[in-house]
Every structure is written in structure tokens, then in C-alpha cells.
Amino acid sequence: MLAVFEGFAVISGVILVGFVLGRSGVLGPHGQQVIAKLVFYAGTPTLLYVTVSETDLGLIFNTALFATGGSALIVGAALFVLTKWIRKRSTGEAMFSAWATSYVNIGNLGIPIAAYVLRDIGYVAPVLLFQLLVLAPIGMAVLDGAGKKQHDSHWYSAILQVLKNPIVLGAAAGVAASATGFELPRFVFEPIDMIGATAVPGALLAFGISLKDGWGIPVKGSRAQLSYITGAKLIAQPVIAWAIGGPLLGYDGVDLFAIVVTSALPTAQNVYIYSMQYRQSEALMRDAVFITTVLSVPALVIIAAFLG
């Protein structure tokens, strides 16, 4: 248990440093974007390659994905139905509400938590791939079908966009290396390993910087929807993941802990980025990312107290 709280303390410390850097302005107005892009395009892809390539695929792609992916699909579908047919909102708002409850922050928080709390980032690889290869294309197809199309209206454009994602490419290269036993020459592998080591601290610093401006009270019309999203994200999804992973699939110990923790992560910042691209529910998604991130801290501590 002590190790779990020590892991959260390490993460909080780096986030605090990022917050201080952001408030001080020493990195300039674009500091967060530069760090975030470094993590997205270099740090995380190389970290995933190094980790996945050295991990037995049987330990990555196992039945635990039925718990994490299954809980995501269940809460996402429930929020879509609630928003679209019960609350009578638009398809766009329904889809983004579904994304906000099912698409977890694996990049900024999941990988650091896996590294410092679970002691193995192999736990996040299948969740990351599930989100990028399943949740993202499904959501984009729904949005495009609802008339929120961007520059390309082909049905396969969303899938092609996901497959260009450097994080997907890094994970996919790692899977291929693990499956074939391929090993890079040492003089190539070591620079990749060094770059990958920047992913966790970089993601935490960028996240801390993002908190520098604080948060305002949500507009009145979105408060109820935000409450539904928050409850589904931080209560329903981890509970369903526990029910599937524990009683149904028989996981226990650190494996069950990893299932529940990854399911209790807050709404991913990707969802807010998508909302800006589609110009749909932008304020709601911004608020969902912030409030679920803040409230995920006590939620994860409670989970650690019971399962850690």
C-alpha cells in the first residue's frame, strides 16, 4: 500500500513542478505545446516500442482487455443513449459525452501511473490501442455520419488518420518486434531508449502546465450533463471494470488493481482536441477533462486503499 501512495506522490510532485513552471511563465507562451509535442511525437512512441518489444505479447493482449474495453463500451453506449434519446440532445453532443466517459487519459496520466504505481507500463498498451483503433474511429464515423464532416468525407478517413498516429506506430512496431523476436542494434536501441525515458516526466510536466490558468464554473446548461459524465467516468466505469475483471474473469491482486485503475483515469485531453476539430461541445469537453482530472485523484486513492 505504501508503495502505491509513494507512486502517486512522485507523480504529484512532477505535476506540481509543471504547474509552477506554467505560472512563472519561464517557458514562454508555447512551452506546454512544445513539451506535449515532444512527448506525443517522440517520447511516448519510443517508450511504447521499447516496452512492448521486450514484453511477451501474451502478457499484453489478454482477457483483461474485456474488462477495460468492455466497461468503456458499456458506459459510452449508456451516455450516448441518455444524451441522445432521453435528454434529446444532438448526436454530436451524445457522441462527445460517450467519448468523455469511455476515452481515458492514458497518455498524460496512464503511462506515469503504470510506471510508478503499477511498475509496468505493459498494462496500458492494450487500452491505448483499443482507444485509438476502436473508440476513435467509431466516434469519428458517427460524427461524420451526423453531418459534422471535416475536409475528407470518405468512410475510411478516420481509420487512416488513426493509423498515422505516432503512438500507434510505436506500439505497432513494438508488437511486431515482440512477435518476431527482432532486436535493434545496440547503437540504435540505446538512443531510442533514452528518448523514451522523456515520455513520463514530459507528460506530467505538460499536464501540470495545463493547470496554470485554473478553471471557471461551467455554464448553467451543461452542469447536469457534466454531472452525468463525471459520475459515469469515475464511478460507473471502474465499478463495471472491477465486476468484469474480478467476479467474471477471475483477476485479483495487481492485475485487478491495474484493470480498475486504468478504467478510473479521467477523460483524455484527446477528446477536447477532437471537439475543437469538429466544433462540437467544446466547453463541455473542456470542463469534463478538467473536473474528471481533479476528481480522479481522490477516486484513485480510494481504489488504491481497497485494491492496492
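Let me sum up the structure you'll find in this document. (Residues numbered from 1 in each chain as written. Predicted model: local features only at pLDDT ≥ 70, side-chain atom pairs only at ≥ 80, totals over all residues. Heavy atoms only, no water.)

Another point: helix α11 (residues 199–210). Here α11 spans 16 Å end to end across 12 residues, near enough to the 16 Å set by a 1.5 Å rise per residue. Summarising burial for α11: 9 of the 12 residues are buried, a large majority. Buried within α11 are the following residues: A199, V200, G202, A203, L204, A206, F207, G208 and I209. (Helix = DSSP H or I, 4+ residues; strand = E, 2+ residues; numbered from the N terminus. Expected span 1.5 Å × (residues − 1). Buried < 20%, exposed > 50% of the residue type's maximum accessible area, 1.4 Å probe, protein only.)

In the contact formed by helix α7 (residues 125–145) and helix α9 (residues 166–180), the axes pass within 10 Å of each other and the chain directions differ by 125 degrees. Judged on the interaxial angle alone, α9 and α7 are oblique. The hand of the α7/α9 crossing is left-handed. Side by side, α7 and α9 meet where L128, L129, L132 and L133 of the first sit next to I167, V168 and A171 of the second. Classifying every residue of the contact of α7 with α9 gives 7 nonpolar, no polar and no charged. (Axes fitted to C-alpha atoms, helices over the stretch in contact; angles between N-to-C directions. Parallel < 35°, antiparallel > 145°, perpendicular 65-115°, else oblique. Left-handed = near helix turned anticlockwise from the far one by under 90°. Contact = heavy atoms within 4.5 Å. Nonpolar A, V, L, I, M, F, W, Y, C, P; charged D, E, K, R; others polar.)

Glancing now at unusual backbone geometry. A positive phi is found at R119, a non-glycine position, where the angle reads about 65 degrees. As for its position among the elements, R119 is in the loop between α6 (106–118) and α7. Residue class for R119 comes out exposed when judged on its relative accessible area of 55%.

Moving on, we come to the nonpolar core. Within the largest apolar cluster, 68 residues are counted, with the highest numbers of intra-cluster contacts made by F96, W99, Y103 and I106. At 9 residues, the largest contribution of residues to this core is made by α7. Among residues more than four places away in sequence, those in contact with F96 are L143, V271, Y274, S275, Y278, Q280, S281 and M285. Ranked by size, the runner-up nonpolar core spans 5 residues in total, among them I35, A203, A206 and I209. (Core = buried A, V, L, I, M, F, W, Y, C linked by side-chain atoms within 4.5 Å.)

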